[in-house]
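Chain by chain, the residues:
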Amino acid sequence: MKMLYLCRQTNIQCISMIKSTYIFFVFFMLTAVWSCNRPSDMQREHPAVSPTFYADSLCTLGRGIRLIKEEKESLAFPPLDSVFRLPVDDVLTTEELRRLSSESLRRLMIYFNLMMNFESGYQYFDSLERAKHPVVSRYCRRELWVVKAQMLMALDRHAEAVDYLNRAMALKDENNDPLSEIFCTATAGITYMGVDTISTRAESAFRRACRVAERSGLSNYWLYPQAIGRLADIYLQQGKYEESISLCREAIRLCEKSGSYHGKLVAAEILTEAYRLLGLYDEAFRYCAVGTGEPARAEVDNNLIGRFFIAKAEIHNNLNRPDSALLVLAQADSCFDRTKNDYYHLMVQIDRMYYLAAFPDSVNVALRGFAALEGKVPRHRLPYYDYYYGATLARVGKWLEAIPLLRKSIGELKDISELHPASEAAELLMEGYRHTGRAADMLTVFPEYRVMRDSVTRKDKIRQLASANIRFETQKKEQENLLLTAEVRLQDTLLHVYFIAGVCTLLLVFFIAGWMVMRHRNLRLRWQLEAQEHERADERLRDQESRLHELIAARQDLYERNRSLIRQLSDIQARHRNTCELDSVMESLQSHLLTRKEEEDFRNAFLSVYPSALLHLREACPAVTRSEELFCMLVLLKQSNEELARTLGISVASVSKTRYRIRVKLGLPEGSDTDAEIRHIMAGEDL
């Protein structure tokens, strides 16, 4: 995140150009957090106070703090200053006055930062030191030097600020107050980051603050997570990604425990940048949401929330989503509108022009935007402005205009250790030399480009390794947490389970025993009922079969009697000429011998024995006639040709003809056993 880096590198370029933004935000944050996280007297571990201590505290510090909370900062100075007018006597002890003076110095530092009146602040603290207040000069020199360094940082007097910080950090055994030690070392570390060109002394100060907080048991003190977060920021600059992420997570945990809202935001901002650099964008979005997902608790918090939106936009840009990045930048701009912050407005505008250049139809708009910003960009932001502007010009082929900007941006980016964009600028510069036919210039740039490219490649490999390690550790911890959670839940439920299991076991034993007895009885009754039902069904089936065969036998007997009568009548007709009446009798005997009712009785009896036989036959042969159905029913009963003829009252030759017609309708091949195929079909078997 270039924004975060530039906020840390303001000491390299020009602090005065951003003091109205970054410094204002940092110390308003200190004000809000200090007001919400004051340690109790039990934490301070001081003896019983004198009768006037609390009254004096309320009249001085209490009134000043209340006015700051009510955003009446301009009225807070007199009560805070009155602390140094209190007499040192037998009623108010030296230790009590030291505590009030130390607290007042911290509040006054915040007051002057909120009022943006750094010159008056420095003169006030300097006059306080020259006045040689008996308590301040003996017991509060470290706080005094640290707050003076704060004022000097905002006034761009870096050498003097570093001198005061070095003197404050070298001072030992001024008092035995761990809270004073944590405040001075943590604030000194923050100030070192603004005035020192190296991070060694800031790192040492933050480490010292952490050691004191841990040793004194004040890890919940609001400045401890602040110190951890800033130390993690230094580790991130040094490429110690795993250490930085671990410290930030610890800072967030402590901030959530102590309720430090701003400390949590600082740590989340550093985590967002770390995960973005490592390419773990899901995690980066998750921690970015810590800042963008909550409303600002104070008006100035919009500056920090706006920076989170800028970080989110850059993540979208890394994922090749310039349209989403532009939408998020609009949200950032709205945050800076609330604080009337022209500095961040300018930075958002530069980034917006660069993202717009990703769209072919918006390149000219971006170029006009860059041209309008010429001469308005702060010196420390010029490296990116020159690079973005030159890259956009190169995109539209304006190489003669792009080459000077790209050549200038390479040196500027290298000065602030931004080798990745510097190598990209060098690559574009060589491309410009190629298009303009300046091969000699391209050869002079190539060695520098190769060195930067190799350095970037090495750093990328380090980041990839760190990313893989962090991803592995994250998955491992998630699995461990899941296992621990499952184990805890299991242990919590074991007692309930054991108790319930004991009661249920007894109930289950009785239930199973009773159930088994009842089940055995029910099964036995069911078997008996099923056996009886089977017997009755078999008996009914036998009765139906017997009735069916009786019908067939009666039909065949009737057929034989009719044949006998026909023969007798034939003999009579041969002996007598007048045979008209005999002919009609013979014709009536030769008609169908099964009446409609008898046929229905036969069919009903057949269906009771073979309920689905006719359905299968009709499915296989929809064109089958009623007489052919009757023929097939007799075939299923395994009647011979002679029996079929007697039952149906037809000749054996007619039986063969009927069988032939059925074979044709069923589509059976010639030579096949028609009766067997009919039985298969009526039994529901496939052909």
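Residues numbered from 1 in each chain as written. Predicted model: local features only at pLDDT ≥ 70, side-chain atom pairs only at ≥ 80, totals over all residues. Heavy atoms only, no water.

### Observations regarding the pattern of salt bridges
Phase 1 of the analysis: Counting across every chain of the model gives 29 salt bridges.
Phase 2 of the analysis: E600 serves as the salt-bridge partner of R626, at 2.6 Å between the closest nitrogen and oxygen. Of this pair, R626 sits in helix α28 (residues 626-636) while E600 sits in helix α26 (residues 596-609), and the two are 26 residues apart along the sequence.
Phase 3 of the analysis: By relative accessible area, which is 35% here, R626 ends up partly exposed.
Phase 4 of the analysis: Judged by relative accessible area, which is 31%, E600 ranks as partly exposed.
Phase 5 of the analysis: The closest approach of N and O atoms between E629 and R603, which form a salt bridge, is 3.1 Å. In this pair, E629 is assigned in helix α28 and R603 in helix α26, connecting sequence segments 26 residues apart.
Phase 6 of the analysis: E629 gets classed as buried once you look at its relative accessible area, which sits at 6%.
Phase 7 of the analysis: R603 sits in the buried class, given a relative accessible area of 5%.
Phase 8 of the analysis: Salt bridges here are not isolated pairs; linked through shared partners, they connect E103, R106, R107 and E143. (Salt bridge = Lys/Arg side-chain N within 4 Å of Asp/Glu carboxyl O. Helix = DSSP H or I, 4+ residues; strand = E, 2+ residues; numbered from the N terminus. Buried < 20%, exposed > 50% of the residue type's maximum accessible area, 1.4 Å probe, protein only.)

### Description of the side chain of T187
Phase 1 of the analysis: Within the fold, T187 resides in helix α11 (residues 178-195).
Phase 2 of the analysis: The buried category is assigned to T187, whose relative accessible area is 2%.
Phase 3 of the analysis: A polar contact is formed between the side chain of T187 and the backbone oxygen of F183, at a distance of 2.7 Å.
Phase 4 of the analysis: Beyond its immediate sequence surroundings of up to four residues, T187 is in contact with M109, V146, Q150 and L223. (Polar contact = N/O pair within 3.5 Å; in protein donor to acceptor, adjacent residues only side chain to side chain. Contact = heavy atoms within 4.5 Å.)

### Thoughts on unusual backbone geometry
Phase 1 of the analysis: Phi at K132 is positive, roughly 55°, even though this residue is not glycine.
Phase 2 of the analysis: A relative accessible area of 61% places K132 in the exposed class.
Phase 3 of the analysis: Although it is not a glycine, N320 adopts a positive phi angle of roughly 60°.
Phase 4 of the analysis: Inspection of the secondary structure puts N320 in the loop between α17 (301-318) and α18 (322-339).
Phase 5 of the analysis: The class for N320 is exposed, based on a relative accessible area of 69%.

### Some points on the nonpolar core
Phase 1 of the analysis: Counting 79 residues, the largest nonpolar core has F125, F206 and Y275 as the members making the most contacts within it.
Phase 2 of the analysis: Looking at which element gives the most residues to this core, the answer is α11, with 10 residues.
Phase 3 of the analysis: With 62 residues, the next largest nonpolar core counts I305, F336, A357 and L393 among its residues. (Core = buried A, V, L, I, M, F, W, Y, C linked by side-chain atoms within 4.5 Å.)

### Here we look at the packing of α17 against α18
Phase 1 of the analysis: Where α17 meets α18, the closest approach of the two axes is 8 Å, and the angle between their N-to-C directions is 170°. For the element pair α17 / α18, the angle class is roughly antiparallel. Contacts between α17 and α18 involve N302, N303, I305, G306, R307, F309, I310, K312, A313, H316 and N317 on the former and, on the latter, S324, A325, V328, L329, Q331, A332, C335, F336, R338 and T339.
Phase 2 of the analysis: Taken together, the residues of the contact of α17 with α18 sort by class into 10 nonpolar, eight polar and three charged. (Axes fitted to C-alpha atoms, helices over the stretch in contact; angles between N-to-C directions. Parallel < 35°, antiparallel > 145°, perpendicular 65-115°, else oblique. Nonpolar A, V, L, I, M, F, W, Y, C, P; charged D, E, K, R; others polar.)

### Digging into the environment of R286
Phase 1 of the analysis: With respect to the helices, strands and loops of the structure, R286 is situated in helix α16 (residues 281-292).
Phase 2 of the analysis: Of the residues examined, R286 reaches a relative accessible area of 47% and is grouped as partly exposed.
Phase 3 of the analysis: Here the alpha-carbon distance between R286 and Y275, two residues 11 residues apart in the chain, equals 9.9 Å.
Phase 4 of the analysis: One polar contact links R286 to E283, side chain to side chain, over a distance of 2.9 Å.

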